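Observations on chain architecture
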Amino acid sequence: MENTMISYDPSNGERLGQVRATAIEQIPEAVKKAKKAAETWKILGLDERLKIIQQAYAQAEPRINELAELLSREMGKDIKRSSGEVNGTVFGGPYIAKEAREAFQPKQAGNGTIIEYRPLGVAAVISPWNYPLAMANNLIVPALVAGNTVVFKPSEETPLVADAFVKILNQKLPEGVLQIIYGDGDQGKALVESQVNLIAFTGSQAVGKDIMARAAGGLKRLVMELGGNDPMIVLEDADISAAARFAVASSFENAGQMCTSTERIYVDKKIADTFEKLVVEVASRYKTGPWNMPGVNIGPIINPDQHAMIIDHIRDAESKGARILLGGSQQPERYIKPTVIADLTPEMIMEQEETFGPVVAMSRYTNLEEAVQRANNSVYGLGAVVFGQRHAQSVADQLEAGMVGINQGVGGGNAPWVGAKQSGFGFHGSPDGHRQFAQVRVMSS
Ligand code: NAD
């Protein structure tokens, strides 16, 4: 049965538009159409596919401002951040072409044997709302480049911007190569259980586990980019002012709704008073408001449930003895004002789970073993950051994370975006990332 999905402006709850949710019984049909399209898409070869993909992305260039405004309205982030996201999405193509050529070049393995990288077939791409174009694009492009066709389900929170983007690309992509379906977890489950060959997913750990269980029957290939609970360790000899600025910027980025935002900070007790004071000073300068208000750098929280969850985490920390240095659990509707918490303990929800809100949460340590132990005491392992000098490298080496930053944030260049532990497996970015979307075939003659 078809029904309507309404998209709301998170800054005021007003209705922005709607799409028709894809009927569950239509999903196998879409996958069948994608399988048919895959037959011709794969035999085009890498160069021809790259050419068509680049032509498709060129269609989006004159539409960047329009897409950025829609992204801001639907997701809430300020226009500068949306423009950055849309520009990165539209102009990422040349890097991808270079990496893909390197990734898929057949390799001589000796004795007349060649290693080839072949398309898998149909890829399901399922994406979250926090970077609604970038996250989808990071999975769609490598899937297409590798010679797969894609059935894409964007988040139910941000269907309009995804719909606009796919319509632009489809002006140039051949029929059936990239299809979009609309819906929530029900449509997501139906897509996972359909005849797709690969599921490329970015989203929460809980949904990642559900997808893995549903995909087990068909032993489907999985690329899983899941949640994080990223720690930051501040060493005694750190540049305290740089560390404090980073701590706030990383905790508040995208209103804290970022998979690698700093969620918990362990600071050497010898410098903790100064660090806490600086953090409060920096955090007080941040301003909440809607996407088009000048000077805003913290937008609204995506929906009331997420807003309530952040407040629950803050209230839990308050009830267990945390010191609230700024903000706290009394918050306006739709927004979380900059919040700074000290004396975080392992018993607090905030230390164990992803809060996904603009909260700086700090704790003091007395020795490095304790700092490393607490940083690693998590099921997650996406990113981790160390600020300091003398022991920074040795501390960084001990951190259980897919990406580690020393005196800076994680990731960079054309490196893969990769999680460890329960933050996922399979990844995108870099030639190795491209190969996650392909089947290795060994040809001997
Ligand atoms: P979510 O897991 O709730 O939803 C993600 C997508 O999965 C949505 O499209 C949703 O409709 C769909 N879905 C829900 N249930 C499903 C099911 N059972 N089967 C198939 N699909 C289903 O995540 P969210 O709230 O949209 O996004 C926030 C989460 O994403 C956070 O945990 C964040 O850390 C994570 N994230 C990770 C990365 C990364 O690169 N590792 C990047 C961005 C976001």
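About the thresholds
- Residue positions are given per chain, counting from 1 as you read along its sequence in written order.
- Reporting of local features is limited, given that this is a predicted model, to residues whose pLDDT is at least 70; pairs of side-chain atoms are given and counted only at 80 or more, and all residues count toward the totals for whole chains, interfaces and linings.
- Hydrogen atoms and water are omitted, and side-chain values are computed over all heavy atoms in the structure.
- Here the limits of each domain have been adopted from an automatic or database domain assignment.
- We call two residues contacting when some pair of their heavy atoms lies within 4.5 Å.
- Salt-bridge detection follows one rule: a side-chain nitrogen of Lys or Arg within 4 Å of a carboxyl oxygen of Asp or Glu.
- Residues adjacent in sequence count toward polar contacts only when both atoms are side-chain atoms; beyond that, a polar contact is any pair of N or O atoms within 3.5 Å, and within protein one must be able to donate a hydrogen and the other to accept it.
- Note on conventions: DSSP H or I runs of at least 4 residues are helices, E runs of at least 2 residues are strands, and numbering of each starts at the N terminus.
- Three categories are distinguished: nonpolar for Ala, Val, Leu, Ile, Met, Phe, Trp, Tyr, Cys and Pro, charged for Asp, Glu, Lys and Arg, and polar for the others, with Gly belonging to the last.
- Throughout, exposure labels follow a simple rule: accessible area from a 1.4 Å probe, protein chains only, divided by the maximum for the residue type, with under 20% read as buried, over 50% as exposed, and the rest as partly exposed.
- DSSP calls a pair of strands paired once it identifies at least 2 bridges connecting them.
- With a 1 Å grid laid over protein atoms only, a set of points is called a cavity when a 1.4 Å probe fits there but cannot get out and a pocket when it is open yet has protein on both sides within 12 Å along at least five of seven lines; lining residues have an atom within 4 Å of a point.
- Grid points are joined across faces, edges and corners, and a volume is the space filled by probe spheres set on the points.

Focus on the domain arrangement of the protein
- As assigned here, the protein comprises domain 1 (4–227 + 421–444) and domain 2 (230–377 + 383–406).
- Taking only C-alpha atoms into account, the centre of domain 1 sits 31 Å from that of domain 2.
- Counting residues at the interface gives 20 residues for domain 1 and 21 residues for domain 2.
- Across the domain 1-domain 2 interface, the total number found is 2 salt bridges.
- Of the charged contacts, one joins Glu 400 and Lys 421 as a salt bridge, the two residues approaching to 2.7 Å between their closest N and O atoms.
- There are 7 residue pairs in polar contact (both at pLDDT 80 or more) connecting domain 1 and domain 2.
- Only α3 (64–75) and α4 (79–91) provide two or more residues apiece to the side of domain 1 that touches domain 2.
- Looking at which element gives the most residues to the side of domain 1 that touches domain 2, the answer is α3, with 5 residues.
- Considering only residue class, the side of domain 1 that touches domain 2 consists of 5 nonpolar, 7 polar and 8 charged.

Some points on the pattern of salt bridges
- On inspection of all chains with the given rule, the structure shows 26 salt bridges.
- Between Lys 36 and Glu 39 there is a salt bridge; the shortest N-O distance is 3.7 Å. Here Glu 39 and Lys 36 lie together in helix α1 (residues 27–43), a separation of 3 residues that amounts to about one turn.
- Exposure remark for Lys 36: the relative accessible area of 57% places this residue in the exposed category.
- Overall, Glu 39 belongs to the partly exposed group, its relative accessible area being 46%.

Structural notes on the pairing of strand β3 (residues 107–110)
- The pairing of β3 with strand β4 (residues 113–119) spans 3 bridges and is antiparallel. Looking at β4, one finds that Gly 110 is bridged to Thr 113.
- Counting the residues that bridge the hairpin from β3 to β4 gives 2 residues, and of these Asn 111 lies at a positive phi of roughly 55 degrees.

So, unusual backbone geometry
- Its identity as a non-glycine residue notwithstanding, Asp 343 has a phi of 65 degrees, on the positive side.
- Considering the arrangement of structural elements, one finds Asp 343 in the loop between β13 (339–342) and α13 (349–352).

Description of the side chain of Thr 355
- Within the secondary structure, Thr 355 sits in the loop between α13 and β14 (359–365).
- If we skip the residues at most four places from it in the chain, Thr 355 touches Glu 263, Gln 306, Met 309, Ile 310, His 313 and Met 350.

Examining empty space enclosed by the protein
- A full pass over the atoms with the stated rule returns 4 cavities of 30 Å³ or more.
- In this model, the largest cavity occupies a volume close to 80 Å³.
- The wall of the largest cavity is formed by Leu 50, Ile 53, Gln 54, Tyr 57, Thr 89, Gly 92, Gly 93, Ile 96, Asn 137, Val 141 and Val 145.
- Of all the secondary structure elements, the ones that give two or more residues to the lining of the largest cavity are α2 (46–58), α5 (93–104) and α6 (134–145).

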